[in-house]
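The chain contents come next:
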Amino acid sequence: MNELMEILTSLKPEIDFETEKELIDDGLLESFDVITLIAEIEDQFGIEVPAEEIVPENFNSAEGIWKLLEQMKGEEV
């Protein structure tokens, strides 16, 4: 989770990712931010995020993103 928080903080240092639960719904992360985030996640964690998983529910909070990462890592085993 620490690696994810570092990625998020480097992307948008002004957002408190530990408490924010509406990153997409409140417009805090825009489409370009999500694309950048996905590229960073794929590089850092060595996984590929399928297009069907790129939905607001998976990117509204750091916890949601982490849950998606855990799911993606589990599928690769």
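For the structure, see preceding data.
Since this is a predicted model, take the numbers as computed values, not measurements.

Quick notes on the overall build of the protein chain
Part 1 of the argument: Secondary structure assignment for the protein chain yields four helices and zero strands.
Part 2 of the argument: The helix and strand sequence of the protein chain, counted from the amino end, reads α-α-α-α.
Part 3 of the argument: Structurally, the protein chain occupies a C-alpha span of about 35 × 25 × 20 Å along its principal axes.
Part 4 of the argument: A buried classification covers 36% of the 77 residues belonging to the protein chain.
Part 5 of the argument: Relative to all contacts within the protein chain whose residues are 6 or more apart in sequence, the contacts with residues 24 or more apart total 56%.
Part 6 of the argument: Surface accessibility of the protein chain: about 4,700 Å² in total, with carbon and sulfur atoms responsible for 48%.
Part 7 of the argument: Positive and negative side-chain charges of the protein chain, numbering 4 and 22 respectively, have mean locations separated by a distance of 5 Å.

Overview of the environment of M1
Part 1 of the argument: One can find M1 in the segment before α1 (2-11).
Part 2 of the argument: On the basis of relative accessible area, M1 is assigned to the partly exposed category, the value being 34%.
Part 3 of the argument: Along the backbone, M1 and E63 are 62 residues apart, and their C-alpha atoms lie at a distance of 8.6 Å.
Part 4 of the argument: Setting aside residues no more than four positions away along its own chain, M1 makes contact with A62, E63 and W66.

Things to note about the side chain of S61
Part 1 of the argument: Here S61 lies in the loop between α3 (56-59) and α4 (62-76).
Part 2 of the argument: Polar side-chain contacts of S61 include one of 3.0 Å to the backbone nitrogen of G64.
Part 3 of the argument: Among residues more than four places away in sequence, those in contact with S61 are E20, K21 and L23.

Digging into the nonpolar core
Part 1 of the argument: Among the nonpolar cores identified, the biggest contains 21 residues, and L8, F17, L37, I41, F59, I65 and L69 are the most heavily contacted of them.
Part 2 of the argument: Contributions of two or more residues to this core are made by α1, α2 (31-45) and α4.
Part 3 of the argument: Those residues in contact with L69 that lie beyond four places of it in its chain are L4, I41, F45 and I47.

Looking at α1
Part 1 of the argument: Buried residues of α1: L4, M5, I7 and L8, and no others. Along the long axis of α1, the arc covered by the buried residues comes to 160 degrees, so they all point the same way. What points out from α1, more than 90 degrees from its buried face, is the exposed set N2, E6 and S10.

Conventions used here
Residues numbered from 1 in each chain as written. Predicted model: local features only at pLDDT ≥ 70, side-chain atom pairs only at ≥ 80, totals over all residues. Heavy atoms only, no water. Helix = DSSP H or I, 4+ residues; strand = E, 2+ residues; numbered from the N terminus. Buried < 20%, exposed > 50% of the residue type's maximum accessible area, 1.4 Å probe, protein only. Contact = heavy atoms within 4.5 Å. Areas by Shrake-Rupley, 256 points an atom, 1.4 Å probe, with all protein chains shown as cover. Lys, Arg positive; Asp, Glu negative; His and termini not counted. Charge placed at Lys NZ, Arg CZ, Asp CG, Glu CD. Polar contact = N/O pair within 3.5 Å; in protein donor to acceptor, adjacent residues only side chain to side chain. Core = buried A, V, L, I, M, F, W, Y, C linked by side-chain atoms within 4.5 Å. Arc of directions from axis to C-beta.

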